[in-house]
Amino acid sequence: MTVEGTVSGLEERVVGRAWMVRLDPADRGGAAVRVSCGRPACAPQVLPSATVGRTAAVAHLATHLRAAPGPRPEASCACRAEECHTHVRADGPRDRAPALRCGGPVVLAVINDRQGRWWQALECCARCAAAHPSAKIVATAPAAPARAAAGPAPAAGARGAASPPPAPAGPHFSHAASSPAPMPVPVPRAAPTPRTKPRRNRRTGKIAQRFVPHDLHPIALRDELIELGNLFRAYQERPEPDLEQLAELHARKAKAFRTWAEVTGETELRLDAERAEQAAAAALLQHQQRTGQSPVGEGEVTNRLLPGLTQWEHARTVLAHVAEHTPLPGPEARLMAVMLTLRSALTGTGNLVGQDVRGLPLTEPEELIGRLVDSGWLSIPGTADDLLASRPESPTPITIPSLMPDDDGQGPFDFGRKTRPKLSGWAQRVVGDKKLRKKKTVAATRLLALALAVRTTTDGRLGPEGEGVDLAVLTSWCAVEPDELEPLVEQLTVADWLEEAAVTDGRLTGRLAERVLQVSCPLP
């Protein structure tokens, strides 16, 4: 866009030059962009991405600015010819504002939008350039010669009549991807007019869709808000989230906004501070859960054997699958099914040694293995005695046909190969707990320990939000009658697995002992 001509005002003046370089999408839904220039001789360019397009657009505009002559002292504002908001009254008809609205020397300025979609170069006065927040001054015209009081103006060829054209200067842009071209010749500075004060370095910024006032006091608060806004924007550019860092940023934001609210008295700022505190607590809790840490007490955390929400959910999935597909009745058969399922969860095949079976509280392990083989749920190459006699250097291969993937390669579980041994080790840690073995607890007690380990809050309270666990769910999982559950709870309490346990209104309430919190899998 190029504007040439004259406008009528207090006197006839040449309208300032103006042209624009734009960045527009080249096609719908694609990443390509089109760079177009308002100069008639410039053909549009199609580039593969917005980043490449911005770099090309800035370089193209810089080339025009280096080749263009400097600003003309006699030029009027190009933006005035376009009826910008500086020259049009907002509360009346679209009449031109008085000429006194303009002031200062004529400059060649570059303005751009915040999204980096267009850049416009225009000749205007210094006062109009200052009205644009993004304006960057490229060059300043020399002061216009004063008119003689009487007599004709000197001839064009007279000595000293013509002033040398100003040297071209490289543009300065606000876009981070561009670098300003070096200026071969310094641009002369305009002499300040009596009504023009030197401009202060007013530091401003933006945080949470709020502009930080440049005159906000104390200055330390203003600087903290600006820095936080920059840090939040930098965090959004991270390829991977860091919840610990995000929690720290939200905590700093809550403190800064609370101070800001006290300074200004704005209620909305105080509400924003409370929301930031909640966001900080949520981000920290999520970080602790993903890393296997969660609050235990004042300033304390626990490291869990299974770190993270995903693995906790996988543990619950395996236990639910076993509850629905146990081939034989009774707690011993179910406990055996849990351990064998975790050994062969992904492919339906695994290895087993005699110690793995002898470590379980089973009354007749040979008979139980034989019954599982006869039911078709388990397949082994030899006899049950051969399995119980196998050692780690020569384990017995086992096969569970119901766990083998189908023709599409899909099995009942969707976790990876690295997760399976972690889940198996977790279950072995619960079932083989030292105090449970020392108290000679039965298979039903070990099943109850597994059930309670996956039904706690982050601080170990039983049930969702610590409201307890339904007794019907526990008796069904442990494969026992309802009147047999209370003795099992007492055994876990004596073994220092449960604390404050109580059976009331059909629910088991209480909490896991601190020593076993590391094997718990908290509910989401």
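Keep in mind the model is a prediction, meaning the values are calculated, not measured.

Colleague: Which residues make up the overall build of the protein chain, and what values do they have?
Modeller: Looking only at helices and strands, one finds 16 helices and 18 strands in the protein chain. The 524 residues of the protein chain split such that 40% are buried. Pairs at least 24 apart in sequence give 58% of the contacts found in the protein chain among residues at least 6 apart.

Colleague: Explain helix H8 (residues 331–343) to me, using residue names and the numbers behind them.
Modeller: Compared with the 18 Å implied by 1.5 Å per residue over 13 residues, the 19 Å span of H8 between its first and last C-alpha is a close match. Of all 13 residues in H8, 10 are buried, a share of seventy percent or more. For H8, the set of buried residues is Ala333, Arg334, Leu335, Met336, Ala337, Val338, Met339, Leu340, Thr341 and Leu342.

Colleague: Go over a negative patch on the surface, please, and point to the residues and values.
Modeller: Taken together, Glu364, Glu366, Glu367, Asp385 and Asp386 make up a surface patch of like negative charges. Only helix H10 (365–374) and helix H11 (384–389) provide two or more residues apiece to the negative patch. Position of Asp386 among the secondary structure elements: in helix H11. Taking relative accessible area as the criterion, Asp386 reaches 47% and is therefore assigned partly exposed.

Colleague: Could you give an account of helix H12 (residues 419–431), naming the residues involved and the relevant values?
Modeller: The end-to-end C-alpha distance of H12, which contains 13 residues, comes to 19 Å, matching closely the 18 Å that a straight helix rising 1.5 Å per residue would cover. Turning to H12, its buried residues number three or more, namely Thr419, Leu423, Ser424, Trp426, Ala427, Val430 and Val431. The buried residues of H12 occupy an angular sector of 160° when projected down its axis, which confines them to one face. Where H12 is buried, its residues meet helix H7 (309–325), H8, helix H13 (434–438) and helix H14 (443–453).

Colleague: Explain the sheet that holds strand E9 (residues 136–140) to me, and be specific about the residues and the numbers.
Modeller: On the basis of which strands lie adjacent, the open sheet formed by six strands has the order E5-E4-E3-E8-E7-E9 and antiparallel pairing. Of all strands in the sheet, those bounded by a partner on one side alone are strand E5 (45–47) and E9. Put simply, the sheet's adjacent strands are angled 20° from each other on average, direction ignored. Judged from the five bridges that link them, strand E3 (residues 18–25) and strand E8 (residues 118–125) form a sheet pairing that is antiparallel. Opposite Arg22, over in E8, you have Trp118 as the bridge partner. Each of E3, strand E4 (33–37), E5, strand E7 (106–112), E8 and E9 touches helix H1 (residues 50–67); the most contacted strand, E3, lies at about 165° to it.

Conventions adopted
Residues numbered from 1 in each chain as written. Predicted model: local features only at pLDDT ≥ 70, side-chain atom pairs only at ≥ 80, totals over all residues. Heavy atoms only, no water. Helix = DSSP H or I, 4+ residues; strand = E, 2+ residues; numbered from the N terminus. Buried < 20%, exposed > 50% of the residue type's maximum accessible area, 1.4 Å probe, protein only. Contact = heavy atoms within 4.5 Å. Expected span 1.5 Å × (residues − 1). Patch = residues over 30% accessible without salt bridge, like charges linked within 9 Å, V, L, I, M, F, W, Y side chains within 5 Å. Areas by Shrake-Rupley, 256 points an atom, 1.4 Å probe, with all protein chains shown as cover. Salt bridge = Lys/Arg side-chain N within 4 Å of Asp/Glu carboxyl O. Lys, Arg positive; Asp, Glu negative; His and termini not counted. Charge placed at Lys NZ, Arg CZ, Asp CG, Glu CD. Arc of directions from axis to C-beta. Pairing = 2+ DSSP bridges. Axes fitted to C-alpha atoms, helices over the stretch in contact; angles between N-to-C directions.

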